[in-house]
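Reading the structure
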Amino acid sequence: MKSSTPILVVLALLIGVGVGRWSAPRVAVPDEAETVSEPSRPLRKKAMVIVPRRDEAAAVPGAGDDGSADARVSISLKALEALAGKGSVAVPAGDFFAPDDPVIEVLELSDSEKSMVQRQWRGALQKVRDAEVASANFLEMADGAVSFVLDPLVEERASARDAFGSAVRSGLGPDRGAALLAMKGGSRLLDGGVEPVDFRVDVEEAGAGRWRFRIEENRGDQRKVWMADAIPDELQHLTDAAGIARRVNDPTTEGDNE
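What counts as what
Residues numbered from 1 in each chain as written. Predicted model: local features only at pLDDT ≥ 70, side-chain atom pairs only at ≥ 80, totals over all residues. Heavy atoms only, no water. Helix = DSSP H or I, 4+ residues; strand = E, 2+ residues; numbered from the N terminus. Buried < 20%, exposed > 50% of the residue type's maximum accessible area, 1.4 Å probe, protein only. Areas by Shrake-Rupley, 256 points an atom, 1.4 Å probe, with all protein chains shown as cover. Pairing = 2+ DSSP bridges. Axes fitted to C-alpha atoms, helices over the stretch in contact; angles between N-to-C directions. Parallel < 35°, antiparallel > 145°, perpendicular 65-115°, else oblique. Left-handed = near helix turned anticlockwise from the far one by under 90°. Contact = heavy atoms within 4.5 Å. Salt bridge = Lys/Arg side-chain N within 4 Å of Asp/Glu carboxyl O. pLDDT = per-residue confidence, 0-100. Expected span 1.5 Å × (residues − 1). Arc of directions from axis to C-beta.

**Things to note about the overall build of the protein**
Counting its regular elements, the protein contains seven helices and five strands. In the protein, the succession of helices and strands from N to C terminus is α-α-α-α-β-β-α-α-β-β-β-α. The burial tally for the protein puts 28% of its 258 residues in the buried class. Entry remark: accessible area of the protein is about 18,600 Å², with carbon and sulfur atoms responsible for 55%.

**Comments concerning helix α6 (residues 174-183)**
The α-helix winds at 3.6 residues per turn, so residues separated by three or four positions along the chain end up facing the same way. α6 sits mainly inside the fold: seven of its 10 residues count as buried. Regarding α6, the residues found buried are Gly-177, Ala-178, Ala-179, Leu-180, Leu-181, Ala-182 and Met-183. The first or second residue beyond α6 is Gly-185, which carries a positive phi of 120°.

**Side note on the pairing of strand β5 (residues 222-228)**
In this sheet, β5 lies alongside strand β4 (residues 210-219) in antiparallel orientation, the contact comprising seven bridges. Across the sheet, Arg-219 pairs through a bridge with Gln-222, a residue of β5. The turn linking β4 back onto β5 is made up of two residues, and Gly-220 within it adopts a positive phi angle of 60°.

**So, the packing of helix α5 (residues 154-172) against α6**
Packing of α5 against α6 brings their axes to within 6 Å, and their N-to-C directions diverge by 135°. When the axis of α5 is compared with that of α6, the two are oblique. At the point where α5 passes α6, the crossing takes the right-handed sense. Touching Phe-164, Gly-165, Val-168, Arg-169 and Leu-172 of α5 are Pro-174, Arg-176, Gly-177, Ala-178, Leu-180 and Leu-181, all from α6.

**Some details on the pattern of salt bridges**
Within this structure, the stated rule accounts for 14 salt bridges. Between Asp-101 and Lys-184 there is a salt bridge, with its nearest N and O atoms 2.4 Å apart. Residue Asp-101 is found in the loop between α2 (77-83) and α3 (102-106), and its partner Lys-184 is found in the loop between α6 and β3 (197-207); the two are separated by 83 residues along the sequence. On the basis of relative accessible area, Lys-184 is assigned to the buried category, the value being 1%. Between Glu-113 and Arg-176 there is a salt bridge, and its shortest N-O distance comes to 3.0 Å. In this pair, Glu-113 sits in helix α4 (residues 111-135) while Arg-176 sits in helix α6, placing the two residues 63 residues apart along the sequence.

**Focus: the confidence of the model for the protein**
A residue-level look at the protein finds 66% of positions with pLDDT of 70 or above and a mean pLDDT of 77. Taking the mean pLDDT of every element in the protein, the minimum, 44, falls on helix α1 (residues 5-23) and the maximum, 97, on α5. Overall, residues 2-25 carries pLDDT values under 50, and its contacts beyond four positions in sequence, including any with other chains, amount to zero contacts. Low pLDDT, under 50, characterises residues 32-69; the stretch is placed with 10 contacts to residues that sit more than four places away or in other chains.

**Quick word on α5**
With 19 residues, α5 should reach 27 Å at 1.5 Å per residue; the first-to-last C-alpha distance of 27 Å fits that figure. Of all the positions in α5, only Arg-157, Ala-160, Phe-164, Gly-165, Ala-167, Val-168 and Leu-172 are classed as buried. Down the axis of α5, the buried set is contained in an arc of 165°. They therefore lie on one face. Relative to its buried face, α5 has exposed residues pointing more than 90 degrees away, namely Glu-155 and Ser-170. In the segment just after α5, Gly-173 is the residue with positive phi, at about 95°.

**Looking at the sheet that holds β4**
Pairing is antiparallel in the open sheet, where five strands are placed in the order β1-β2-β3-β4-β5. Only two strands of the sheet have a single neighbouring strand rather than two, namely β1 (137-140) and β5. Averaged over all pairs of adjacent strands, the angle between their axes in this sheet comes to 20°, without regard to strand direction. Looking at chain direction, β3 and β4 are connected through nine bridges and run antiparallel. Each bridged residue has a counterpart across the sheet, and for Arg-200 the counterpart in β4 is Glu-216.

Put into structure tokens, the structure is as follows:
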């Protein structure tokens, strides 16, 4: 028994050392290359897809659940301008708005807004008419007719149009103002072309003791003739300057021949 005691002690020591090695935690020692610090980088996250709420969806005709939504559409100003003069939308010559003008409802113009636009339009027309009178040369012909030539007045017309447009956009807001101008003709507003216009105003017998005006307008190769007993509104500022009466017959004797 005594001879086996040292052997047991040695075995116990060997077993303890082995257990210590097996149970000791392993500590990883990094390589020198791995100990070099790198600048911090943001975390890579998965791409986020934002799904809009239903009330943020783009307005499309018929987009409402019941198909009755007040849908909005986009249309270029050039397209609106191309529609001017077609159907019930007219390029204005006198009053800016025609009776029952559809643009009033489309743009939801209030009475005060309509008055503002009409007032600015009349001011723009007056500027152009003043420039026309100042530039016209009136000549009395041997037969009693009066002739005059109107220059295009491109710069004067453009200046009046720009001032009118600025006032409208300021009063209605940039979007509604631009839409109204486009729907009424855009660049064709107050346009007088690029060629001089020759006018000749004469008076001739109309029968039954009555008279009438004969007004000839020549613009390049185009020729128009008016025959009436009253001067058209758009020419009255010129005939007034030439000393021509607005009516050729006594209104009290016109009867049914108006």
